[in-house]
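Coordinate analysis (summary)
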There are 2 protein chains.
Amino acid sequence: MKEAKKKLEQLGEKTLNEINRNENPNIEIPIRSLSNVTYDAKTKMLTIGDKTAKRYFFNVAHAKKFMQTLMVAAFCKELQDQNLHTSLRDLFYVLKRTFPNSQENTFDEQSESDPMVVDLEVTLDILREQLHLNADIRGRVVGNVIIEDRGDVIDWGKLGSGGWAIPSNVEEIIFKKVKADYILVIEKNASFERLHEDKFWQKQKAILVTTQGQSARGTRRLIQRLATEFNLPVYVFTDADSYGWYIYSVIKYGSISLAHVSDRLGTPNAKFLGLTISDIDEFGLKNFTIKAEEVDIKRAQEMLKYEWFQAPEWQKELKLMIQRKIKAELEALSGKGLKFITETYLPKKIKNKEFLP
Amino acid sequence: MKEAKKKLEQLGEKTLNEINRNENPNIEIPIRSLSNVTYDAKTKMLTIGDKTAKRYFFNVAHAKKFMQTLMVAAFCKELQDQNLHTSLRDLFYVLKRTFPNSQENTFDEQSESDPMVVDLEVTLDILREQLHLNADIRGRVVGNVIIEDRGDVIDWGKLGSGGWAIPSNVEEIIFKKVKADYILVIEKNASFERLHEDKFWQKQKAILVTTQGQSARGTRRLIQRLATEFNLPVYVFTDADSYGWYIYSVIKYGSISLAHVSDRLGTPNAKFLGLTISDIDEFGLKNFTIKAEEVDIKRAQEMLKYEWFQAPEWQKELKLMIQRKIKAELEALSGKGLKFITETYLPKKIKNKEFLP
């Protein structure tokens with residue numbers, strides 16, 4: 001039996017037993033607030049601590065949330081039984097109803113049902129995707145890789161200019177052939193398209209992934225699976241600004257709000273390839289920088305304090321950004337010619353292993 | 001020679017001749033403001049009128065823009081010669097420079113170079129994609145279709161759960177096999193995933209496209225090519241609100257800001273399948289509606305006046321939305337069960353041809 005189904009059934013049985021024993025049914029849920037999230041320097045991951053809270057049925061303050069948690073769990077069990085996948089929005093609509101002879105709804109807003117999903121994810125120590133709840137999709141991939149997904153055999157190297165659209169759920173993908181020396185993760189789609197058109201992935205034996213901004217869960221999980229199952233280095237390539245660098249850190253260490261799944265969504269061996277503020281001098285990009293806004297500077301100042309940004313290289317780049325009040329986009333490299341990124345910047349960085357930790 | 005290259009060369013030759021004849025070099029550009037955009041009831045398209053403006057080199061008010069237009073044209077010619085494609089952001093960086101011994105830049109912001117691209121598009125009567133300038137990407141497709149793109153043969157029916165990621169430029173795609181009775185265009189990815197998982201496109205012989213919100217140019221062009229080249233009906237499926245209905249109208253008639261390319265991006269034979277406000281009664285969705293915001297109502301009031309929303313069916317739906325102050329999302333159908341959309345709503349609507357014009 002699948003892990004998710006088993007754990008959901010165990011939750012149901014536990015509750016049933018408590019009822020039969022005339023106990024107060026309850027669920028013990030690890031606390032997800034910042035106070036219970038720590039950076040583990042050994043595993044290089046943001047992880048959730050041991051603090052938990054119990055949610056009781058016979059407690060006026062808990063009763064509605066307890067009911068909502070069980071409704072979501074029961075619906076997820078249904079999804080398992082019928083082998084269906086759906087979205088958080090759909091879950092909300094399916095479970096939204098009014099109690100007979102009352103004005104009281106099971107859920108009034110999706111903002112009530114979403115946290116129940118994360119509660120289940122952290123309580124059962126399982127991925128939301130394993131519960132068959134799809135997340136937003138974003139991200140594309142190309143490379144010398146053949147996979148099997150839903151019975152289809154798909155060659156990521158033969159999908160024309162579009163590449164393969166990464167689905168929200170990559171749990172059941174089977175990798176049939178993976179021929180690559182490394183994975184290059186690119187924040188911007190425009191740079192991905194440039195590299196794809198220049199056949200960079202063929203020449204460099206790379207798998208190219210674009211996150212199209214902050215990486216979606218499916219994309220992070222795919223990077224993690226490829227990196228760990230095939231022992232591939234991961235190089236992340238973002239804009240030179242606090243936002244881009246944070247995208248990198250989420251791919252590598254996980255995020256604060258999803259610290260409980262860092263072990264499945266994070267890729268601790270990922271390295272940062274660029275852009276850095278230092279690159280601006282090294283590659284003569286000064287004319288192509290942008291003024292950093294207040295919000296960029298503030299973010300950089302926060303990141304200076306994060307335990308996982310304490311490496312001297314990162315402290316240097318963050319401080320440079322704050323001092324000079326500048327940032328640079330991946331497209332800035334086009335200022336040196338469209339093929340500069342493919343023929344000069346990336347080969348030099350990768351050959352000389354000029355990475356940040 | 002390709003059309004784009006030919007037209008760019010003609011523009012260059014015309015300018016050169018004017019210089020050689022000691023004339024004032026100029027470019028005649030159709031005006032793109034609302035005053036020059038009309039709805040053509042016969043072709044069912046938003047079209048641009050005959051008004052033009054001339055941009056002169058020897059005119060203090062025009063000189064910089066004239067130079068910028070020619071710089072963008074020259075860069076596009078380079079793209080043609082080298083057979084490269086790039087983004088508007090990259091174009092900006094490539095062309096941004098400071099004139100020697102001055103503080104004057106060719107372009108200070110991308111907001112200066114973007115309109116030059118549209119000027120060229122409308123002047124040369126050519127698509128931006130033909131100029132090799134990629135637009136944003138968004139949108140996925142599945143179906144019983146085989147295409148050739150950049151030498152790769154791609155079967156849209158064998159791409160697993162992800163589907164084919166529609167690229168920004170679909171001009172050079174070759175359709176090798178198209179087996180479908182119609183094209184179903186879906187606003188929301190979640191509904192697309194539901195239908196894909198339920199094998200709707202196989203059972204119904206449909207091509208499924210999700211626009212993921214407002215449709216990107218590549219997605220609109222792909223729909224238009226499929227519809228016209230294979231004489232396929234197009235049914236559009238959006239949320240029941242003014243925003244969703246506008247997405248439909250842009251697919252069908254084109255948009256005000258891009259009226260000059262409606263003939264290549266619009267699909268006049270498209271029909272609206274749902275959701276309508278009337279559907280809420282017909283399918284018992286009342287519990288799953290949302291309160292329409294001020295901005296939704298205001299948009300609906302504007303749309304009431306648009307010539308292309310004058311059909312009685314549309315007037316009725318817009319007025320219903322305004323009166324009842326409600327809207328409904330595609331996901332509302334899940335309130336009736338996850339498979340309601342696949343097994344009841346869509347088959348009924350399509351079988352009975354319950355479309356809005």
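Residues numbered from 1 in each chain as written. Chains lettered and ligands numbered in written order. Predicted model: local features only at pLDDT ≥ 70, side-chain atom pairs only at ≥ 80, totals over all residues.

1. Details of the interface of chain B and chain A
Facing the 41 residues of chain B at the interface are 41 residues of chain A. Sorting the residues of the side of chain B that touches chain A by element identifies β5 (86–87), α3 (88–95), β9 (152–155), β10 (164–165) and α5 (189–197) of chain B as the ones contributing at least two each. Looking at the side of chain B that touches chain A element by element, the count peaks at five residues for α5 of chain B. Residues that form the side of chain B that touches chain A fall into these classes: 14 nonpolar, 14 polar and 13 charged. (Contact = placed C-beta atoms within 7 Å. Helix = DSSP H or I, 4+ residues; strand = E, 2+ residues; numbered from the N terminus. Nonpolar A, V, L, I, M, F, W, Y, C, P; charged D, E, K, R; others polar.)

2. Considering the relation of the copies chain B and chain A
Overlaying chain B on chain A yields an RMSD of 0.0 Å, the required transformation being a rotation through 180° with an accompanying axial translation of 0.0 Å. On this basis, the relationship between the two copies can be described by a two-fold rotation axis. The position closest to the rotation axis in chain B is occupied by the C-alpha of A165 of chain B, lying 2.5 Å away. Both copies present the same face, since 100% of the interface residues in chain B are matched by interface residues at the equivalent positions in chain A. (Least-squares fit on C-alpha atoms with pLDDT ≥ 70 in both.)

3. Observations concerning the sheet that holds β9 of chain B
Residue and element names in this part refer to chain B. Taken in spatial order, the three strands line up as β9-β8-β11 in an open sheet, and their pairing is antiparallel. Pairing within the sheet leaves two strands with one partner each, and these edge strands are β9 and β11 (174–178). Direction aside, neighbouring strands of the sheet carry axes that sit 20° apart on average. The pairing of strand β8 (residues 145–149) with β11 spans four bridges and is classified as antiparallel. Note that in β11 the partner of V145 across the bridge is V178. (Pairing = 2+ DSSP bridges. Axes fitted to C-alpha atoms, helices over the stretch in contact; angles between N-to-C directions.)

4. What to know about helix α7 (residues 217–229) of chain B
All names here are of chain B. Between its terminal C-alpha atoms α7 stretches 18 Å, which fits the 18 Å expected from 13 residues at 1.5 Å a residue. The buried fraction of α7 is high, at ten of 13 residues. The set of residues buried in α7 consists of R217, G218, T219, R220, R221, L222, I223, Q224, L226 and A227. Buried residues along α7 sit against β11, β12 (182–186), β13 (206–210), β14 (234–237), α8 (242–253) and α9 (262–265). Looking at the residues trailing α7, positive phi occurs at N231, about 55°. (Expected span 1.5 Å × (residues − 1). Buried ≥ 20, exposed ≤ 12 C-beta atoms within 10 Å, placed from the backbone.)

5. Brief notes about the domain arrangement of chain A
For interface size, the figure often reported is the accessible area lost on association. All names here are of chain A. Once the domains are mapped, chain A shows domain 1 (3–134) and domain 2 (140–351). Summarising the inter-unit geometry, the C-alpha centres of domain 1 and domain 2 are found 33 Å apart. Taken together, the contact between domain 1 and domain 2 spans 18 residues of the former and 17 residues of the latter. Among the elements of the structure, β2 (37–40), β3 (45–48) and α4 (110–124) are those that each provide at least two residues to the side of domain 1 that touches domain 2. Top element by residues in the side of domain 1 that touches domain 2 is β3. It accounts for four residues. Broken down by class, the residue content of the side of domain 1 that touches domain 2 amounts to nine nonpolar, five polar and four charged. (Domains from an automatic or database assignment.)

6. Details of the packing of helix α3 (residues 88–95) of chain A against α4 of chain A
All names here are of chain A. Look at α3 against α4: their axes get within 9 Å of each other, and the N-to-C directions meet at 115°. It follows from the interaxial angle that α3 and α4 lie roughly perpendicular. Crossing of α3 against α4: the hand is right-handed. Residues L88, R89, L91, F92 and L95 of α3 form the contact with α4, whose own contacting residues are Q110, S113, D114 and V117. For the contact of α3 with α4, a count of residues per class yields five nonpolar, two polar and two charged. (Parallel < 35°, antiparallel > 145°, perpendicular 65-115°, else oblique. Left-handed = near helix turned anticlockwise from the far one by under 90°.)

7. Side note on the environment of E3 of chain B
All names here are of chain B. One can find E3 in helix α1 (residues 3–20). C-beta crowding within 10 Å serves as the criterion here: with 12 such atoms nearby, E3 is assigned to the exposed category. C-alpha separation for the pair E3 and L124, spaced 121 residues apart in sequence, amounts to 9.7 Å. With sequence-adjacent residues up to four places away left out, E3 is seen in contact with I126 and Q130.

8. Examining the sheet that holds strand β8 (residues 145–149) of chain A
Residue and element names in this part refer to chain A. Pairing is antiparallel in the open sheet, where three strands are placed in the order β9-β8-β11. Each edge of the open sheet is held by one strand with a lone partner, namely β9 (152–155) and β11 (174–178). Shown here is a sheet whose adjacent strand axes are inclined to one another by a mean of 20°, direction ignored. Inspection of the sheet shows β8 paired to β9 by four bridges, in the antiparallel sense. Each bridged residue has a counterpart across the sheet, and for E148 the counterpart in β9 is V153.

9. A look at the pairing of β3 of chain A
Sheet analysis places β2 of chain A next to β3 of chain A, joined by four bridges and oriented antiparallel. Directly across from T38 of chain A, in β3 of chain A, lies its bridge partner T47 of chain A.

10. Focus: the environment of P25 of chain A
Residue and element names in this part refer to chain A. Locating P25 in the fold gives a position in the loop between α1 (3–20) and β1 (26–30). Residue P25 is classed as partly exposed on the basis of its 17 C-beta neighbours within 10 Å. Between the alpha carbons of P25 and Y56 there is a distance of 5.9 Å; along the sequence they are 31 residues apart. Once residues lying within four places of it in the same chain are set aside, the contact partners of P25 are T15, E18, I19 and F57.

11. Thoughts on the packing of helix α2 (residues 63–82) of chain B against helix α4 (residues 110–124) of chain B
All names here are of chain B. At their nearest, the axes of α2 and α4 sit 9 Å apart, and the two run at 70° to each other. Accordingly, the angle class assigned to the pair α2 and α4 is roughly perpendicular. Contact residues: α2 offers Q68, T69, V72, A73 and C76, while α4 offers E112, S113, M116, V117, D119 and L120. Partitioning the contact of α2 with α4 into residue classes produces six nonpolar, three polar and two charged.

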